[in-house]
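Residues per chain are reported as follows:
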Amino acid sequence: MPDDSRLIYAEQVCKTYQTAATPGRLVLDHVDFALREGEIVAILGKSGSGKSTFLRVLAGLTPPSEGRVAYRGQLVDGPAHGIAMVFQTFALFPWLTVLGNVELGLEAQGVPRAERRQRALKAIDLIGLDGFESAYPKELSGGMRQRVGFARALVVNPDVLLLDEPFSALDVLTAETLRGDLMDLWVERRMPTKGIIFVSHNIEEAVEIADRIIIFGSDPGHIRAEIAVPLPRPRDVTSPRFTQIVDEVYSILTTVPGREPGRRGARPETIGIGYRLPAASIQQLVGLLDAICAAPYSGRADLPHLVESEHIEDEALFVLIEALQLLGFAQVAGGDIWATPAGRNFAEADLQGRKQIFGDQLRGHIPLVAHIRKVLDERPGHSAPEGRFLAELEDHLSEEEAHEVLETVINWGRYAELFAYDYDRGVLSLENPT
Amino acid sequence: MQQRWGLPIVAWPSRLRPNYWDCIALPLVLGTIVLIAWAGQQMSVPYHIGEQLAISLDPLNLPEYGLRTVLRMALALVASLVFSLGYAALAAKSRRAEKVLIPVLDILQSVPILGFLSITVTGFIALFPGSLLGYECAAIFAIFTSQAWNMTFSLYQSFLGVPQDLREAARMYHLSPWQSFWQLEVPFALPQLVWNMMMSVSGGWFFVVASEAISVAGQDVKLPGIGSYIALATEQRDWTAVGYAILAMLAFILVYDQLLFRPLLAWGQRFKVEAIGQDEVEPPWFLIMLQRARLFDGVRALYDAVMSLVSSAGRALPRPRRVAPFRMGKARWVDVGWNAFIFTGALYALFEIVRFVYGETGTREVLQVFFLGFVTLIRVAILIALAAVLWVPVGVWIGLRPRLARRVQPVVQFLAAFPANLFFPVVVSAIVSFHLNVQIWVSPLMILGTQWYILFNVIAGTLALPTDYQFVASNLGVSRWLWWRRLVLPGIFPAFVTGAVTASGGSWNASIVTEVVRWGNDTLVATGIGAYIAQQTEKGDFPRIALGIAVLCLYVLLFNRLLWRRLYSLAEERLRLD
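Every value quoted in this text rests on a predicted model; they were computed, and no experiment measured them. (Residues numbered from 1 in each chain as written. Chains lettered and ligands numbered in written order. Predicted model: local features only at pLDDT ≥ 70, side-chain atom pairs only at ≥ 80, totals over all residues.)

Got a minute to help me understand the overall build of chain A in this structure?
Each helix and strand counted, chain A has 15 helices and 16 strands in total. The globule rule puts the C-alpha radius of gyration for 434 residues at 22 Å, and the 24 Å found for chain A is close to it. For chain A, the spread of C-alpha atoms along the three principal axes comes to 75 × 50 × 50 Å. Across chain A, every contact between residues at least 6 apart in sequence was considered, and the portion connecting residues at least 24 apart equals 69%. (Helix = DSSP H or I, 4+ residues; strand = E, 2+ residues; numbered from the N terminus. Rg over C-alpha atoms; globule rule 2.2 N^0.38 Å. Contact = placed C-beta atoms within 7 Å.)

Would you explain the overall build of chain B in this entry?
Helix and strand content of chain B: 22 helices and four strands. Counting all 578 residues of chain B, 38% fall into the buried class. For chain B, the share of sequence-separated contacts (at least 6 apart) that also reach a separation of at least 24 residues comes to 80%. (Buried ≥ 20, exposed ≤ 12 C-beta atoms within 10 Å, placed from the backbone.)

Whenever I open this one, the packing of helix α20 (residues 480–514) of chain B against helix α22 (residues 542–574) of chain B confuses me. Can you help?
All names here are of chain B. Their axes nearest at 10 Å, the elements α20 and α22 cross at an angle of 175°. One way to sum up the angle between α20 and α22 is to call them roughly antiparallel. Two secondary-structure elements touch here, α20 through F493, P494, V497, V501, S504 and W508 and α22 through L552, V556, F559, W564, L567, Y568 and A571. In terms of residue class, the contact of α20 with α22 is made up of 12 nonpolar, one polar and no charged. (Axes fitted to C-alpha atoms, helices over the stretch in contact; angles between N-to-C directions. Parallel < 35°, antiparallel > 145°, perpendicular 65-115°, else oblique. Nonpolar A, V, L, I, M, F, W, Y, C, P; charged D, E, K, R; others polar.)

Looking at this model, I keep getting lost on the sheet that holds strand β5 (residues 74–75) of chain A. Mind explaining?
Sheets are built from strands paired through backbone hydrogen bonds, the pairs being either parallel or antiparallel. Residue and element names in this part refer to chain A. Sheet architecture is open: four strands sit in the order β2-β1-β4-β5, paired in antiparallel fashion. The open sheet has two edge strands, β2 (25–36) and β5, and neither has a second partner. The pairing of strand β4 (residues 66–71) with β5 spans two bridges and is classified as antiparallel. The partner of A70 across the bridge, within β5, is L75. (Pairing = 2+ DSSP bridges.)

In this structure, what is going on with the sheet that holds strand β12 (residues 330–333) of chain A? I would like to understand it.
All names here are of chain A. A sheet is described by the order of its strands in space; here three strands give the open sequence β11-β13-β12, paired in antiparallel fashion. Every interior strand has two partners, whereas the edge strands, β11 (300–302) and β12, have only one. Across this sheet, the average inter-strand angle for adjacent strands is 20°, counted without regard to direction. As paired elements, β11 and strand β13 (residues 336–339) share three bridges and run antiparallel to each other. The residue bridging D302 from the neighbouring strand is D336, located in β13. Contacts from helix α9 (residues 303–310) reach β11 and β13 within the one sheet, and its direction differs from that of β11 by about 90°.

I tried to follow the interface of chain B and chain A on my own but got confused; where do I start?
The extent of an interface is frequently quoted as the accessible surface area lost upon association of the parts. Facing 23 residues of chain B, the contacting portion of chain A comprises 23 residues. Every element with two or more residues in the side of chain B that touches chain A is listed here: α6 (164–172), α7 (177–212) and α11 (295–316) of chain B. Broken down by element, the residue count for the side of chain B that touches chain A peaks at six residues, all from α6 of chain B. Classifying every residue of the side of chain B that touches chain A gives 12 nonpolar, three polar and eight charged.

What exactly am I supposed to notice about the confidence of the model for chain A here?
Regions with low pLDDT carry predicted coordinates that are not meant to be interpreted in detail. On average, chain A scores 87 in pLDDT, and the residues at 70 or more come to 94%. With pLDDT under 50 throughout, residues 260–269 of chain A is counted as low confidence; its partners more than four residues away or in other chains account for seven contacts. (pLDDT = per-residue confidence, 0-100.)

I tried to follow the confidence of the model for chain B on my own but got confused; where do I start?
Residues and elements named next belong to chain B. Overall, the predicted model of chain B reaches an average pLDDT of 78, with 79% of residues at or above 70. Here residues 321–328 is a poorly scored stretch, pLDDT under 50, and it has eight contacts once near neighbours within four places are set aside; other chains count. We note a pTM of 0.79 for the whole complex and an ipTM of 0.82 for its interfaces.

Just to check I follow, could you spell out helix α5 (residues 133–160) of chain B for this structure?
Working note: α-helix, 3.6 residues per turn, so residues spaced by three or four point in the same direction. All names here are of chain B. When the terminal C-alpha atoms of α5 are compared, their 38 Å separation across 28 residues agrees well with the 40 Å that a helix rising 1.5 Å per residue should span. Helix geometry: α5 is bent most strongly at F144, by close to 30°. By the criterion of burial, α5 is predominantly enclosed, with 24 of the 28 residues buried. (Expected span 1.5 Å × (residues − 1). Bend = angle between axes of the 7 residues up to and from the residue.)

Teacher, can you tell me more about the pairing of strand β3 (residues 39–45) of chain A here?
The side chains of a regular strand alternate, first on one face of the sheet and then on the other. Residue and element names in this part refer to chain A. Along β3, six of the seven residues are buried, which leaves the element largely enclosed by surrounding structure. Relative to strand β8 (residues 195–199), β3 runs parallel, the two being bridged by five bridges. Pairing of I43 across the sheet is with V199, part of β8. When β3 meets strand β9 (residues 212–217), the two strands line up parallel, connected through five bridges.

For this particular structure, what's the right way to read the packing of helix α13 (residues 363–399) of chain B against α22 of chain B?
The relative placement of two packed helices is expressed as an angle between their axes plus a distance between the axes. Residues and elements named next belong to chain B. α22 packs onto α13 with a crossing angle of 45° between their chain directions and a minimal axis gap of 10 Å. Classified by the angle their axes make, α13 and α22 are oblique. Pair α13 / α22 crosses with right-handed handedness. Along the contact surface, α13 presents V366, V369, F370, G373 and L377, while α22 presents L547, G548, V551, L552, Y555 and F559. (Left-handed = near helix turned anticlockwise from the far one by under 90°.)

When you look at helix α12 (residues 351–365) of chain A in this model, what are you seeing that I'm missing?
Residues and elements named next belong to chain A. In this model α12 runs 21 Å from its N-terminal to its C-terminal C-alpha over 15 residues, within 8% of the 21 Å that 1.5 Å per residue would give. For α12, the complete set of buried residues consists of I357, F358, Q361 and L362. One face of α12 carries all of its buried residues, which in axial projection span an arc of 140°. What points out from α12, more than 90 degrees from its buried face, is the exposed set Q352 and G353. Among the structural elements, α11 (341–348), α13 (367–378) and α15 (399–415) are those in contact with the buried residues of α12. (Arc of directions from axis to C-beta.)

Could you clarify how one ought to interpret the environment of L563 of chain B in this entry?
Residues and elements named next belong to chain B. Of note, L563 is situated in helix α22. Overall, L563 belongs to the partly exposed group, with 16 C-beta atoms counted inside 10 Å. In this structure, the C-alpha to C-alpha distance between L563 and G227, residues 336 residues apart in sequence, is 34 Å.

How should I be thinking about unusual backbone geometry in this particular structure?
Backbone geometry follows two general trends: most residues other than glycine have a negative phi, and most peptide bonds adopt the trans configuration. All names here are of chain A. The residue after R233, namely P234, is reached through a cis peptide bond having omega -5°. Within the secondary structure, P234 sits in the loop between β10 (222–228) and α7 (240–254). In the segment running from A295 into P296, the intervening peptide bond is cis, with an omega of 5°. Relative to the helices and strands, P296 is located in the loop between α8 (282–293) and β11. The backbone of R72 sits at a positive phi, close to 50°, despite the residue not being glycine. The phi torsion at E165 lies on the positive side, around 45°, for a residue other than glycine. You can call E165 buried: it has 21 C-beta atoms within 10 Å.

Help me out: how do you make sense of the pairing of β10 of chain A in this one?
All names here are of chain A. With six bridges joining them, β9 and β10 adopt antiparallel strand pairing. The residue bridging G217 from the neighbouring strand is H222, located in β10. With antiparallel pairing between neighbouring strands as the criterion, β9 and β10 make up a hairpin whose turn holds four residues, including D219 at a positive phi of roughly 50°.

Would you explain the environment of T234 of chain B in this entry?
All names here are of chain B. Secondary-structure assignment places T234 in helix α8 (residues 226–235). Taking the C-alpha atoms as reference points, T234 and R518, 284 residues apart in sequence, are found 7.2 Å from one another. When near neighbours in sequence (up to four residues on either side) are disregarded, T234 contacts P425, R518 and W519.

Right, dumping it as structure tokens:
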């Protein structure tokens, strides 16, 4: 049934990245989505869940491999007039002044000079940039640059605004101010925009702004959950209802698929050699596990609290938590994380003991590590070129991801002294340099 | 109350009032216009083959000669700019074109520049019978070949490196491909392009001097210019004239540097995506003048008008709104056809070359030429090694003193730009009067002009070494030898390789000019492929010129692939400072 309030919608969108070498890798798997008039939708997901790619498909910057995207009933087959985008990295032209950047879109449309100037000045005024018209982007702070990004988007009077992590390159204070200003414009209807889709990795930010939150799952990217945020604006971030929704989102995002509560104790065999291991650093893993086991948490912590007390970014947290879960050091459910017996043992052990425990967990829980050890043990010289493992990984992952995973495993394996790696020769071996 | 009437005051709007800078700017602009018009007229004077052009050693002629040399430079630069914009854009946009264009460029880069001159000059003469224009074109073309490749590579690389987010922004805001070429890609490429242009022009001076005195197939034409002046001075063993020429060249390069490149470099900063504090260039006086003088407001308005015309012209062009659909099957067949076409073309060309060269020569001569190439290879290798031994310590010493380095750097850049061929007479007469071994003592000429790249890069590399490293080293009490081995040499290696690549390329190129040198009636000939090409050029024996150039080209390619590329990737991968 056609639904007139749909500004933009996606039907069964799939996206496959194809290179000459690999047969093609699915990054988006049958995604259905619609943005209605007067709505702000946030898209959350781990890095690599295809949320940015999906935004680009909606924008018409990259075509879907299957399925279709329509804007006001028209098939999107390129950047459509009426859709504007704000970029994480601002994407301002450094050789144009603030005014020049804001006028760019109008100039491309062939708007006459006088009208161009007048509309640009109005947009600059709206977003609080007056006085900076003649400044070059490199003279501005990050926050001011992103304001230019918003002015450039708003000046073309967009129907739909696509925001690709617009605040994540900014410091907390600046992000909050800019977010507040944007919400004021939205609530007071001072911009012509009818709908906003916005990609984020900050959970609280999403709950604060959005009417609806879409959570993307990884490998391949798909819509895992959808949460409505029926709170009145302006929102009170301390209200119990707000906290409850934040907790709910945390609990969805931090649960490793296939280990949802109720399937407690699901064996680690659920991941294979080609699993895309999270690139967690040893130092941070150890630090987080120590923090969970120490006071005030003493082994069990509320995730939003932990984020606040340990000053971790949400995105980094997902990586660490996934790694802790995979390694069998911790478990997560309902927005809480708690240490397993192995995790507690690790936290109490001394340096050598920790290496021992870490090594045991690696061999027991990470199939790739067990595989590498087995190959090295069996080989006559107890060494093997990295290319061999990369080739195996590339059966499941892209070339870049395979390198990332191998790098992660090498770091973990080195810490546990399970194997050594010679960077110059690109060889894994059992021996350490003499 | 009595109304007082005064004289009406003409109220100049402040924008229109001339300022002090205009006093300098006005004569400069008018003078330049007049000079260009005059020199252009001189270029197309009637000329018949065999006629002798009067070149006089009177130093009063030098400003005129210098001007004409400079004009040739400028024309070549403009031609290089236009060429490289088109070529690089095509290579960066079309995957199929790229497959051919980039390897071709790589080869073109290793063809000796004076080789282009010997091959093309007859064609150019035929193009403009009865006029000097043919010779002028040949000379300009030679300079063009010394600049264009390098600029094209720089542009191509910049085009590929345009940040993804800026590209997406351009598409999102509906810039047409034409608009985003001029508003995004070209501005993005500008800073690197200006830098490469400056380097190219440095090389160009060497070849402009070498290409003005053209002697191909018995024809001997000296185009009025500093190069011909020096050639004549050499023929007549006139020391004072050589001195005058050196002074004049010095002045002209200084003017070029001050009026063109310093302002361009400073202006190019504006286009840098990253604002790096270290690189900030002090605005040079000429740029300040350009920006302050009201007169140039008109120029800027003109520039704006042209740009907006360019952009509206773009609107008239059809714009591909659709995202290119994925039609794998069809695209693959076109690819296969294209590859087959290229392959057949290459095979045919190879066949033609072999027929052309082999018909005249034979296996023996080909082997002989390969041997000559090997001799030149040894010469280049030894010279680069010697230059490294000499300049690395000096460069490090200077680089460790940042204040000194800042003063030395422009001097070294200047030395690199100075055409070393002006000094050849000095060396040659020394060899003649002291009866030195020609094979050995001619060699330093090859590196006379290019060694500065090594020094320049070593200084820059040392400057870039974090001071922390030096603190650590002195804190640990690292001994002198260890300090070199563990800190300095690995630290400056990437910079050194860059410098050495440039120096070695330049030396190969210079071999044609340096393995045969003259001073009056004394002609010194060293064994080598450069001498072979030079002698065949004089005779006008085209198959042999082609053979010489092909072999030289092959050596340069092999030398680059087997040595420099490897060192380069080693430097990239292991010794980068970040």
